[in-house]
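Overview (structure and organization)
Read off the chains here:
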Amino acid sequence: MFAKLLLIILTAGAIAAALLVNRQHRIDTAHEITVLHRRLMGHEQTLWRMQAEVAEQIKPNEIRRHIERMGGEWVALPAPPRKRRSADQPDSRLAGQPTIDEDDEFGG
Amino acid sequence: MPPHHNTQSFRTAAWARVLIYTIVVLMLAQLGRVVQLKISDDPRLVQHAGSSFSNRAEPARRGELLDRRGRLIATSTLGYRLFVDPQVVSDLATLPVELAERIGGDPVDIDRAILPRRHTRYAVVSELLEDWQVDAIRKSPIRGVVLQPRLVRHYPHGDLAAHIVGMVGYDHVGLGGAEHLFDNRLRQEDGKLRYLRDVRGRALWIELDGYQPSREGDSVRLSIDLVIQESVEQRLRQAVKEYNAGGGRMVVLDVHTGEILAMADILNPREGWNEITEDPGRMIHPALGRNRCATDPYEPGSTFKPFVWAAATELGKAVPEEVLPTPAHGKHRTSRGRFIGDAFNYAGATWREVLIKSLNSGMAIVAERMTPHELQHAVRRFGFGARTNSGIPGETAGIVTTARRWTHHSQTSVPMGHEIAVTPLQMVRAFSVIARDGTMPPLRITAVSPDDDEFEIVHRVLSESAAMLTREILRDVMTEGTGRRAKSDRYQMFAKSGTAQLPRREGRGYYDNRYVSSFIAGAPFEEPRIVVLCVMDDPDAKIGYYGGAIAGPVVRDIIDEALTYLGVPPDQPRPDRDRLVAR
């Protein structure tokens with residue numbers, strides 16, 4: 001009887017200890033996630049700042065001046081015209097319809 | 001087995017049972033207490049322990065403003081505001097000195113910031129700390145002194161295009177320009193964070209249901225090209241200074257897409273001019289001023305002639321080689337007895353020469369052949385008297401005389417660009433009709449995406465042949481007319497100059513010797529890519545005031561520079577065209 005009870009208590013204790021360890025792992029993991037999250041946010045904010053600093057350092061016309069000072073040649077990157085597909089308005093007379101009130105104040 | 005042995009083992013078993021039962025009862029009692037504490041907190045314990053959770057806002061970034069090639073125009077970073085909670089600070093008397101040791105500055109100033117708010121829990125000491133000040137506070141914190149994160153808007157290019165970009169206010173909301181126009185797209189949503197903290201206030205873990213992620217604002221790509229914009233601002237500023245003008249305005253338009261590539265507006269604080277054009281917002285900050293390219297109409301003068309010329313030609317009121325009775329000397333007398341003079345007399349000029357030589361008399365002669373309705377319709381068709389709907393805040397429609405008030409005077413004034421006021425945006429859009437195939441694109445302040453496959457409805461204003469004919473005549477303006485001083489060595493331009501008198505501030509009549517000089521041009525000739533307009537407000541007439549002479553060279557320089565930058569090959573048939581364009 002005693003041995004059985006002892007076994008039950010030990011088993012319960014072992015289960016409780018395992019649960020406790022498991023719970024502690026969960027807490028540790030959650031804490032790690034929190035720390036990582038905050039670190040991530042910190043890095044992101046550093047990135048924002050660096051992005052702004054880089055933009056300040058590479059103003060296009062300053063780069064051009066540097067190139068000219070060094071005797072290099074400023075070569076344009078061709079930007080081909082973006083022709084949009086367009087459709088004429090079918091009745092050209094509609095294009096000139098007044099869009100303002102005739103009674104508006106006008107004058108030379 | 002002896003009897004005392006049985007008794008002993010019985011006793012042992014009994015004690016063991018008692019012990020086990022006791023342990024079980026104690027464990028159950030403990031479990032019950034835990035459950036009880038979990039279900040309902042003891043107020044005494046809660047008071048002692050305090051709240052173990054903290055709430056924190058997770059700042060998100062406002063969307064970025066980019067130029068058409070993706071360069072950063074405006075972005076946000078995280079900065080820190082320093083505030084003091086006077087209710088928590090142990091010694092308010094020594095705090096200013098302690099703070100001054102860490103972040104610098106005068107302890108008296110710090111004291112002045114805290115003292116009036118000593119009964120509150122929020123006294124701001126510094127709106128924005130520098131990095132070393134943040135580090136100093138973090139390294140040796142003071143109880144009751146708090147670093148509060150806040151967003152800071154950066155404009156890496158300073159005041160470049162400030163009137164287009166605008167700025168944000170204290171609470172990071174757009175106040176003007178694109179910041180205001182696209183505020184809904186740019187606006188961010190801060191996240192929320194609820195976390196369990198330890199006794200020192202450090203974050204232990206974030207509650208599963210206590211995290212609401214932040215959402216960054218969307219970025220907006222403007223149609224502005226920073227390289228062209230900077231060139232335009234520099235060149236215009238130089239011209240305004242050279243001619244001591246009251247101000248200058250310039251717009252560069254991509255005629256294919258209707259994108260505004262650059263737009264500059266400079267005011268030169270000068271006695272006699274500031275009284276005419278007041279801009280109190282600009283005195284506070286350049287980004288808070290009006291964008292006069294969209295808001296302030298001006299009398300276009302002769303730059304308006306091509307539109308009436310094209311419409312009259314299309315209606316068959318005159319043909320290019322028709323000889324008109326322009327006077328050899330003196331002024332032309334209209335059918336109603338109005339006298340109209342030219343800068344230089346050209347007897348018997350052809351309709352073509354009327355535009356090239358910018359003859360007011362010739363324009364009046366042909367305008368009288370048009371009915372008022374035909375002329376009004378032509379003016380409206382080119383988009384004058386209506387907003388361009390570019391979206392630029394404060395845009396106006398210009399001033400066009402209504403049909404009801406239209407007189408014979410209007411019929412002969414409007415064709416030479418008088419009795420009408422237009423905005424620079426309206427002008428470049430209307431001129432793009434001549435640069436295109438006779439259609440008018442909608443203006444855009446945002447860039448067209450390379451994968452944008454949408455159809456757009458454009459207005460046909462002129463027939464293709466009328467647009468091409470007008471363009472050819474305007475090309476001759478550069479060789480035979482008022483554009484000779486602005487001729488480019490690299491690109492064949494088609495252009496028109498204008499020199500209009502400056503209207504009096506009180507609204508009646510004009511100043512005798514004050515002008516608005518302008519020049520508008522497109523290039524290259526065969527496949528036009530850009531249209532550029534320069535308006536010089538009230539240049540010093542003693543130095544120069546003809547549009548072709550003072551605004552023309554500015555337009556030419558920008559056309560040369562912008563087209564070279566865009567990689568458009570030169571089309572000017574001259575051997576010396578390949579000189580290096582580096583200004």
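1. Some remarks on the overall build of chain A
Within chain A one finds 2 helices and 1 strand. Burial analysis of chain A (108 residues in total) assigns 18% to the buried set. As displayed, chain A has an accessible area near 8,200 Å², and 62% of this comes from carbon and sulfur atoms.

2. Examining helix H9 (residues 226–242) of chain B
Residues and elements named next belong to chain B. With 17 residues, H9 ought to run about 24 Å at 1.5 Å a step, and its terminal C-alpha atoms sit 24 Å apart, in line with that. Counting buried positions along H9 yields 12 of 17 residues, so the element is predominantly enclosed. When H9 is considered as a whole, its buried residues turn out to be Leu226, Val227, Ile228, Gln229, Glu230, Ser231, Val232, Glu233, Arg235, Leu236, Ala239 and Val240. Between a side-chain oxygen at the N-terminus of H9 and the backbone nitrogen of Val227 the separation is 3.0 Å; the capping residue is Asp225. The positive-phi residue at the C-terminal boundary of H9 is Asn244, with phi of around 45°.

3. So, a nonpolar patch on the surface
Residues Val24, Leu28, Leu31, Val35 and Ile39 of chain B make up a contiguous nonpolar surface patch of roughly 490 Å² in combined accessible area. Along the polypeptide, Leu31 of chain B turns up in helix H1 (residues 3–39).

4. A word on the side chain of Lys305 of chain B
All names here are of chain B. Among the secondary structure elements, Lys305 is positioned in helix H12 (residues 305–314). For Lys305, which is buried and forms no salt bridge, the nearest opposite charge comes from Asp342, at a distance of 6.1 Å. Here Lys305 is in contact with Leu355, Ser358, Leu359, Asn360, Met363, Pro415, Met416 and Lys496, once residues within four sequence places are set aside.

5. A look at the pattern of salt bridges
Close approach of charged atoms allows side chains of opposite charge to pair. This structure, assessed with the given rule, holds 36 salt bridges over all chains. With its nearest N and O atoms 2.6 Å apart, the salt bridge here joins Arg49 of chain A to Asp131 of chain B. Taken as a pair, Arg49 of chain A in helix H1 (residues 2–57) and Asp131 of chain B in helix H5 (residues 131–139) lie in two separate chains rather than in one. Assessed through its relative accessible area of 41%, Asp131 of chain B is described here as partly exposed. Here the residues in one salt-bridge network are Arg249, Asp265, Asp279, Arg282, Arg290, Arg292, Asp296 and Asp537 of chain B, joined through shared partners.

Reading guide: rules and limits
- Residues numbered from 1 in each chain as written.
- Chains lettered and ligands numbered in written order.
- Predicted model: local features only at pLDDT ≥ 70, side-chain atom pairs only at ≥ 80, totals over all residues.
- Heavy atoms only, no water.
- Helix = DSSP H or I, 4+ residues; strand = E, 2+ residues; numbered from the N terminus.
- Buried < 20%, exposed > 50% of the residue type's maximum accessible area, 1.4 Å probe, protein only.
- Areas by Shrake-Rupley, 256 points an atom, 1.4 Å probe, with all protein chains shown as cover.
- Expected span 1.5 Å × (residues − 1).
- Polar contact = N/O pair within 3.5 Å; in protein donor to acceptor, adjacent residues only side chain to side chain.
- Patch = residues over 30% accessible without salt bridge, like charges linked within 9 Å, V, L, I, M, F, W, Y side chains within 5 Å.
- Salt bridge = Lys/Arg side-chain N within 4 Å of Asp/Glu carboxyl O.
- Lys, Arg positive; Asp, Glu negative; His and termini not counted.
- Contact = heavy atoms within 4.5 Å.

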